[in-house]
Amino acid sequence: MKDFWGFGGYQREPEGYFSWQHLTFVTSLMSIMVALAIFFGLRNKNKELKQKNKVLIWATIIIEAMYVFELIFFSIRDNNSILYNLPLFLCSIQYITIPLAAFSKGKIKEAALDFVFVFGLLGAIAGTYFAGQNYAAYPVISVNNVASGLTHSISGFASLYIVISGMESMKKQNVFMCFAILGVFCILASIANALIPYNYMFLVTPDNTPYEIFYNLVNGNKILYPIIVVLLFFVYIVLFYTVYFAIKSKCKKINKKG
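From a predicted model like this one, the values you see are computed outputs, not experimental measurements.

## So, a positive patch on the surface
(1) Moving on: On the surface, a cluster of positive charge is made up of Lys-45, Lys-248, Lys-250, Lys-252, Lys-253, Lys-256 and Lys-257.
(2) Moving on: Following the sequence through the fold, Lys-253 ends up in helix H9 (residues 224–257).

## Structural notes on the pattern of salt bridges
(1) Moving on: According to the stated counting rule, one finds 3 salt bridges in the structure shown.
(2) Moving on: The partner of Glu-110 in a salt bridge is Lys-171, and the shortest N-O contact between them spans 3.0 Å. On the criterion of sequence distance, the pair formed by Glu-110 in helix H4 (residues 106–126) and Lys-171 in the loop between helix H6 (143–164) and helix H7 (174–195) is long-range, its members being 61 residues apart.

## Here's the deal with the packing of helix H2 (residues 49–77) against helix H3 (residues 94–103)
(1) Moving on: It is the contact of H2 with H3, at a shortest axis distance of 9 Å, that shows an interaxial angle of 150 degrees. Classed by the angle they form, the pair H2 and H3 counts as roughly antiparallel. Considering how the two elements wind past one another, H2 and H3 form a crossing that is left-handed. Counted together, Asn-53, Leu-56, Ile-57, Thr-60, Ile-63, Glu-64, Tyr-67 and Glu-70 of H2 and Tyr-95, Ile-98, Pro-99, Ala-101, Ala-102 and Phe-103 of H3 form the full contact between these two elements.
(2) Moving on: Looking at side-chain class alone, the contact of H2 with H3 contains 10 nonpolar, 2 polar and 2 charged residues.

## A closer look at the nonpolar core
(1) Moving on: If you look at the biggest cluster of nonpolar residues, it comprises 68 residues, and the most contacted ones within it are Leu-56, Leu-182, Met-201 and Phe-233.
(2) Moving on: Breaking this core down by element, the ones donating at least two residues are helix H1 (20–44), H2, H3, H4, H6, H7 and H9.
(3) Moving on: With 10 residues, H6 is the largest single contributor of residues to this core.
(4) Moving on: When neighbours within four sequence positions are excluded, Phe-233 is seen to be in contact with Leu-90, Phe-119, Leu-182, Cys-186, Met-201 and Tyr-211.

## Notes on H4
(1) Moving on: Between its first and last C-alpha atoms H4 spans 30 Å; for 21 residues at 1.5 Å apiece the expected length is 30 Å, and the two agree.
(2) Moving on: The largest bend in H4 comes to about 35 degrees, at Phe-119.

The rules behind these values
- Residue numbering note: each chain is counted from 1, following its sequence as written.
- Restriction of local features to residues with pLDDT of at least 70 applies here, the model being predicted, together with a cutoff of 80 or more for giving and counting side-chain atom pairs; totals for whole chains, interfaces and linings are based on all residues.
- With hydrogens and water set aside, each side-chain value is computed from the structure's full complement of heavy atoms.
- Residues form patches when they are more than 30% accessible in relative terms and have no salt bridge. Like charges link within 9 Å. Nonpolar side chains (Val, Leu, Ile, Met, Phe, Trp, Tyr) link within 5 Å.
- Reported accessibility uses the Shrake-Rupley method at a 1.4 Å probe radius. Residues are deemed covered only where the shown protein chains occlude them.
- Note on definitions: salt bridges are taken to be side-chain nitrogens of Lys or Arg within 4 Å of carboxyl oxygens of Asp or Glu.
- By the counting scheme adopted, Arg and Lys are positive, Glu and Asp are negative, and His together with the chain ends is not counted.
- Each charge is placed at NZ for Lys, CZ for Arg, CG for Asp and CD for Glu.
- Starting at the N terminus, helices and strands are each numbered in turn, a helix being any DSSP run of H or I of at least four residues and a strand any DSSP run of E of at least two.
- Lines fitted to the C-alpha atoms define the axes, with helices restricted to the stretch that makes contact. Angles between their N-to-C directions range from 0 to 180 degrees.
- When describing relative orientation, an angle under 35 degrees is termed roughly parallel and one over 145 degrees roughly antiparallel, while 65 to 115 degrees is termed roughly perpendicular and anything else oblique.
- Helix crossings are classified by the rotation of the near helix relative to the far one: an anticlockwise turn of less than a right angle makes the crossing left-handed, while a clockwise turn makes it right-handed.
- Contacts were defined at the residue level, with two residues in contact if any of their heavy atoms lie within 4.5 Å.
- The nonpolar class holds Ala, Val, Leu, Ile, Met, Phe, Trp, Tyr, Cys and Pro. Asp, Glu, Lys and Arg form the charged class, and all remaining residues, Gly among them, are polar.
- Buried Ala, Val, Leu, Ile, Met, Phe, Trp, Tyr and Cys residues that are joined via side-chain atoms within 4.5 Å together make up what is termed a nonpolar core.
- Between buried and exposed lies partly exposed: a residue is buried under 20% and exposed over 50% of the maximum accessible area for its type, with that area taken using a 1.4 Å probe on protein chains only.
- Helix span, expected: 1.5 Å multiplied by one less than the number of residues in the helix.
- Here the bend at a residue is taken as the angle between two axes, fitted respectively to the seven residues that end there and the seven that start there.

Next up, the structure:
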């Protein structure tokens, strides 16, 4: 813990991506995340929307406080521009969609709830177990990885809580809303990558993420690689909805037999 904050650079060598320290740390976070989602989700399952919504409000407060902390802290420590901390990664879109899910109404709320449900858990897993860009670069117990781990865990918690408490609508028309939300952020990320430049949404390089497979497949082609990444997002949405409806249909059949 001596140089947890990393001022002047970390003195410890990173334990490494997929090291036992990395896996132990993120598994601990995921276990707490799942336990809390189950506890609050089951407790509020049969309550009114207003009561269910309170948990999302607290999730919003905590995740936004973490975001503000990261903006200020890393800007001071690393002398980085805020432009390098815009919410333009797949995981950080939740800085916007979780508040929308908590505070908006009507169709916007429905679409935001479904978007958080669809991408929150994916972001939690991808941003912890598969975050090679972090765990290969920083010690496991460091402000970079702890802040990132907590933020991704909140997204995963919100996703699980929404479905366990029964807040998701998963209307078929919301598939297109998910496409639209994601499409807008991909366009903004591409513009930011060109102007700053940076690597939002990992559309420029895979940066030690599983996207490395597709990057190598097209030999780092600057046109094909980002197209594949974006298409993977859309394919994931379709697959998620397909699996969700298949499971729901199966559950209905079981309930009828019961």
